[in-house]
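Architecture at a glance
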Amino acid sequence: MRLAGKSAIITGAGRGIGRATALMFAREGADVLAPDLDLASSEAVAKEILALGRKAVAMQMDVTRMADIQRMVQTAVREFGKIDILVNNAGITQVRFPLELTEADWDRTLNLNLKAVFFCSQAVAREMVARKSGVILNAASISGRTGKPMLVDYCASKFGVIGITQSLAMALAKHGVRVNAVAPGIVDTDMWVSIDREWSALEGKPTGAVKQARVANIPLGRIETPEDVAKLYTFLASDDASYITGQTYNVCGGLQLN
Ligand code: NAP
């Protein structure tokens, strides 16, 4: 029970890594606000958390909307009295050859993967700084370490997440708030289903070809599970990581070495 007595917000908690993290946090004793773009998936996760004996709150929200971010913070404070942990998990990818990428494509990715990470952090940090305690965790990626030919907007957003992580960590350390990021590799979620479908089609290959080739390159020999990522989030959220801030950790089966 490494998170006993803590309350957490996990954005995009309805499926994938967000859902796995919400459930692992609950198993470790945390109460969880589980916002998602889709209310039904948020409610389904909240139900699973309640069954684990923790407090859980579902809500529909779009992290790119400032009014929704305020509502998210108000809901967490009203329901839990405090926010100990924020996981900025919600994110998207789209596979495009850079010369085909439109301004709307760029804005879609950067608004969600980067701008929302900052403004969710800012809103929650105001509450954490007032209490001189808190942990903010961000979803980076190995695509925030090395560029990828068909993911220029995604890579820009994830390199940016690492910059936000380092800058906020430096600004908030003296206020008792730690800020770190995780950089997953190829995780078995809906995100990679759509990356594979779009990328394989662009290369004229059958569905599944791009994913299979990438997974074959993973040194640890298997695709990553959402729980592999959730375990790292859980450690970084816990007091076991009390001397760690400003860092980004790869969790990728050895795919990325720096
Ligand atoms: P996923 O399976 O596609 O799930 C993304 C979640 O975010 C969904 O629940 C989605 O809600 C929610 N979401 C999307 N837009 C939102 C918005 N505007 N407001 C609120 N919630 C929103 O993705 P995942 O694979 O779990 O990835 C989670 C994070 O890890 C992302 O930041 C991703 O970039 C990062 N990551 C993933 C991988 C990977 O291989 N999968 C690798 C490295 C990093 P809906 O269900 O309503 O769409």
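Heads up: the structure comes first, above all this text.
In this report, we go over the structure that sits alongside the text. (Residues numbered from 1 in each chain as written. Predicted model: local features only at pLDDT ≥ 70, side-chain atom pairs only at ≥ 80, totals over all residues. Heavy atoms only, no water.)

Quick word on the overall build of the protein chain
When helices and strands are tallied, the protein chain shows eight helices and seven strands. Computed over C-alpha atoms, the radius of gyration of the protein chain comes to 18 Å, within 12% of the 18 Å expected from 2.2 N^0.38 for 258 residues, which places it in the range of a compact globule. Its C-alpha atoms give the protein chain principal-axis dimensions of about 55 × 35 × 35 Å. Sorting the 258 residues of the protein chain into buried and exposed places 54% on the buried side. Summing over all exposed atoms, the protein chain offers an accessible surface of approximately 11,300 Å²; the carbon and sulfur share of this is 56%. In the protein chain, the 29 positive side-chain charges and the 26 negative ones have mean positions that sit 5 Å from each other. (Helix = DSSP H or I, 4+ residues; strand = E, 2+ residues; numbered from the N terminus. Rg over C-alpha atoms; globule rule 2.2 N^0.38 Å. Buried < 20%, exposed > 50% of the residue type's maximum accessible area, 1.4 Å probe, protein only. Areas by Shrake-Rupley, 256 points an atom, 1.4 Å probe, with all protein chains shown as cover. Lys, Arg positive; Asp, Glu negative; His and termini not counted. Charge placed at Lys NZ, Arg CZ, Asp CG, Glu CD.)

So, empty space enclosed by the protein
If you walk through the whole model with that rule in mind, you get one cavity of 30 Å³ or more. Roughly 30 Å³ of internal volume is contained in the largest cavity. Taken together, Thr11, Val63, Asn88, Asn89, Ala90, Leu112, Ala116, Val117 and Cys120 make up the full set of residues lining the largest cavity. In terms of residue count, helix α4 (residues 103-131) provides more of the lining of the largest cavity than any other element does, four residues in total. Taken together, the residues of the lining of the largest cavity break down into six nonpolar, three polar and no charged. (1 Å grid on protein atoms, 1.4 Å probe; cavity = no way out; pocket = protein on both sides within 12 Å on 5 of 7 lines; lining within 4 Å. Points joined across faces, edges and corners; volume = space filled by probe spheres on them. Nonpolar A, V, L, I, M, F, W, Y, C, P; charged D, E, K, R; others polar.)

A short note on the packing of aromatic side chains
For the structure shown, the criterion picks out one aromatic pair. Ring geometry for Phe118 and Phe119: centres 4.9 Å apart, planes at 80°, overall edge-to-face. (Phe/Tyr/Trp six-rings, centres within 6.5 Å; stacked < 30°, edge-to-face > 60°.)

What to know about the environment of Gly147
By the secondary structure assignment, Gly147 is in the loop between β5 (134-139) and α5 (152-172). The class for Gly147 is exposed, based on a relative accessible area of 51%. Sequence separation between Gly147 and Lys158 is eleven residues; the distance between their C-alpha atoms is 9.9 Å. Once residues within four sequence positions are removed from consideration, Gly147 is found in contact with Cys155 and Phe159. (Contact = heavy atoms within 4.5 Å.)

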